[in-house]
Amino acid sequence: MNQWESDFRYPAMQASMAIVADEQLDDLSGCQFSFCLPVFSKPVNSWINPGRLSLLFLVLGFGGLICGGLMAFKAEQDLETNFTWVLIALACGVSGIAFLLLPALLQKRINSWFIGDRGKALVAKSRGGDLIYCELGDSSNPKLTIDGDDNVIVLLDKVNERLLIEGVAASYQIRKQDVRSIQNFEFMGCIGADIVYQIGSATTLRLGIASADIKKELTRQIPFLSFIKKDWSRNRILDAVV
C-alpha cells in the first residue's frame, strides 16, 4: 500500500519527528542529529514518478528488441526485400537497447526534475562538486516495484562529516558518528552502499544507495555481452561514502 505506515522508513521517521518536536526546530540546516523525514503525506505523491518512468523505458526497450527480432525473422523469410527488413530490425534493436539504458544515462536529470527546489538548494551547497545522483531503497529486502525506490541527490559534506540527502519522497541526514556499518550493496544492475545509521537513542535505519552501472546493466539486459568482465566495474558510491 502507498502509505508511510507500511514503508521500511516509517519507524525512523517517527523517531526523527519526535526529535524535531522535542528540540522545537524550524530549520534543520544546522541540526546535530541524523534523521529521515517525509516530504509528503505518503511515499508516492504523484502518478508520474521516477519508478513508473523507468518502467515505461523498460517496456519500450523490450518492445524495441522484440520488434527487432520479428523484423529479423521477416528478413530471413523474405529473400527479395530482406535488406530493408534488416535495416528496420537493426533500428528497432538499437532503439530498444537505448531505451533500456536511458534511466541510467538520465539519472541526474530525472532526479533533479522530480526533486525540484530542494534538489537545487542542495546542489547550491555543493559548489559544483561532491554530488551523487542515485536511488535509495530498502537494502535488507531489495525488490522491483511499479513505483520504484526513492530517487535522491546525495551531498558528501566532508567538512561536517555527514551525508545530506534530498529525495523525491523524503529528506535524510547521516552523520558520521551515527553510522553503525557501511558495506557493499548490489542489486541486479545497480551497485552502491548498504548503510546502517542511528536516529535518536533507540532507532536505526538500514538503507541502500545505489546507481545503475552501465557495464552491469548491459550484461544483464543483453546476455550475449557476458564477455564483459564484471570486475571492471568500480563501486564509486561505496568508495565515496566510506
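Keep in mind that this is a model prediction, so the values were computed, not measured.

**Student:** It is not clear to me how the side chain of S171 should be interpreted in this structure. Could you clarify?
**Tutor:** Positionally, S171 belongs in strand β5 (residues 170–175). Of note is the side chain of S171, whose polar atom sits 2.6 Å from the side chain of E166.

**Student:** I tried to follow unusual backbone geometry on my own but got confused; where do I start?
**Tutor:** With the exception of glycine, most residues fall at negative phi, and the peptide bonds are largely trans. A positive phi angle, close to 50°, is found at E161, a residue other than glycine. Note that E161 resides in the loop between β3 (150–157) and β4 (162–167).

**Student:** So what exactly am I meant to see when it comes to the sheet that holds β3 here?
**Tutor:** Where strands meet in a sheet, backbone hydrogen bonds hold them as pairs that are either parallel or antiparallel. An order of β1-β5-β4-β3-β2-β8-β7-β6 is seen for the eight strands of this open sheet, with the pairing classed as antiparallel. The open sheet is flanked by β1 (35–38) and β6 (179–187), the only strands paired with a single partner. Each neighbouring strand pair of the sheet contributes to a mean axis angle of 25°, computed without reference to strand direction. Seen against the sheet, helix α1 (residues 10–23) touches β1, β5, β7 (190–199) and β8 (203–212) and runs at an angle of roughly 95° to β1.

**Student:** Can you help me understand the nonpolar core in this one?
**Tutor:** Generally speaking, nonpolar side chains in soluble globular proteins are found buried as a group. The biggest cluster of nonpolar side chains holds 33 residues, and the ones touching the most others in it are Y172, Y197 and I209. Top contributing element to this core by residue count: α1, with five residues. If we skip the residues at most four places from it in the chain, I209 touches C134, E135, L136, G192, A193, I195, I237 and V241. In this structure, I115, L155, L164 and V168 belong to the second largest nonpolar core, which totals nine residues.

**Student:** Is there a simple way to think about the side chain of E166 in this case?
**Tutor:** Counting through the fold element by element, E166 comes out in strand β4. In this structure E166 touches I115, R118, L122, N151, V152, I153 and S171, once residues within four positions along its chain are discounted.

**Student:** Would you mind showing me how to read the pattern of salt bridges here?
**Tutor:** Side-chain pairs of opposite charge can arise whenever the charged atoms involved come near each other. Enumeration according to the criterion identifies eight salt bridges in this entry. A salt bridge links R9 to D150, with the nearest nitrogen and oxygen atoms 3.4 Å apart. Of this pair, R9 sits in the segment before α1 while D150 sits in strand β3, and the two are 141 residues apart along the sequence. For the pair R9 and D150, a shared accessibility class is recorded, and that class is buried. One salt bridge connects R162 with D157, and the closest N-O pair in it is separated by 2.7 Å. Here R162 and D157 have matching classes, each one buried. Through salt bridges that share partners, D7, R9 and D150 make up one connected network.

**Student:** Just checking my understanding: could you explain the pairing of β5 for this structure?
**Tutor:** Note on strand geometry: in a regular strand, side chains alternate between the two faces of the sheet. When you tally the buried positions in β5, you get six out of six residues, the bulk of the element. Alternating positions in β5 separate into two faces, A170, Y172 and I174 on one and S171, Q173 and R175 on the other, with burial throughout. One ladder, built from four bridges, connects β1 with β5; its direction is antiparallel. Residue pairing in the sheet places L37 in a bridge with S171 of β5. As paired elements, β4 and β5 share five bridges and run antiparallel to each other. Residue pairing in the sheet places E166 in a bridge with S171 of β5. Turn length for the β4-β5 hairpin, with the two strands adjacent in sequence and antiparallel, is two residues.

About the cut-offs
- Residues numbered from 1 in each chain as written.
- Predicted model: local features only at pLDDT ≥ 70, side-chain atom pairs only at ≥ 80, totals over all residues.
- Heavy atoms only, no water.
- Helix = DSSP H or I, 4+ residues; strand = E, 2+ residues; numbered from the N terminus.
- Polar contact = N/O pair within 3.5 Å; in protein donor to acceptor, adjacent residues only side chain to side chain.
- Pairing = 2+ DSSP bridges.
- Axes fitted to C-alpha atoms, helices over the stretch in contact; angles between N-to-C directions.
- Contact = heavy atoms within 4.5 Å.
- Core = buried A, V, L, I, M, F, W, Y, C linked by side-chain atoms within 4.5 Å.
- Buried < 20%, exposed > 50% of the residue type's maximum accessible area, 1.4 Å probe, protein only.
- Salt bridge = Lys/Arg side-chain N within 4 Å of Asp/Glu carboxyl O.

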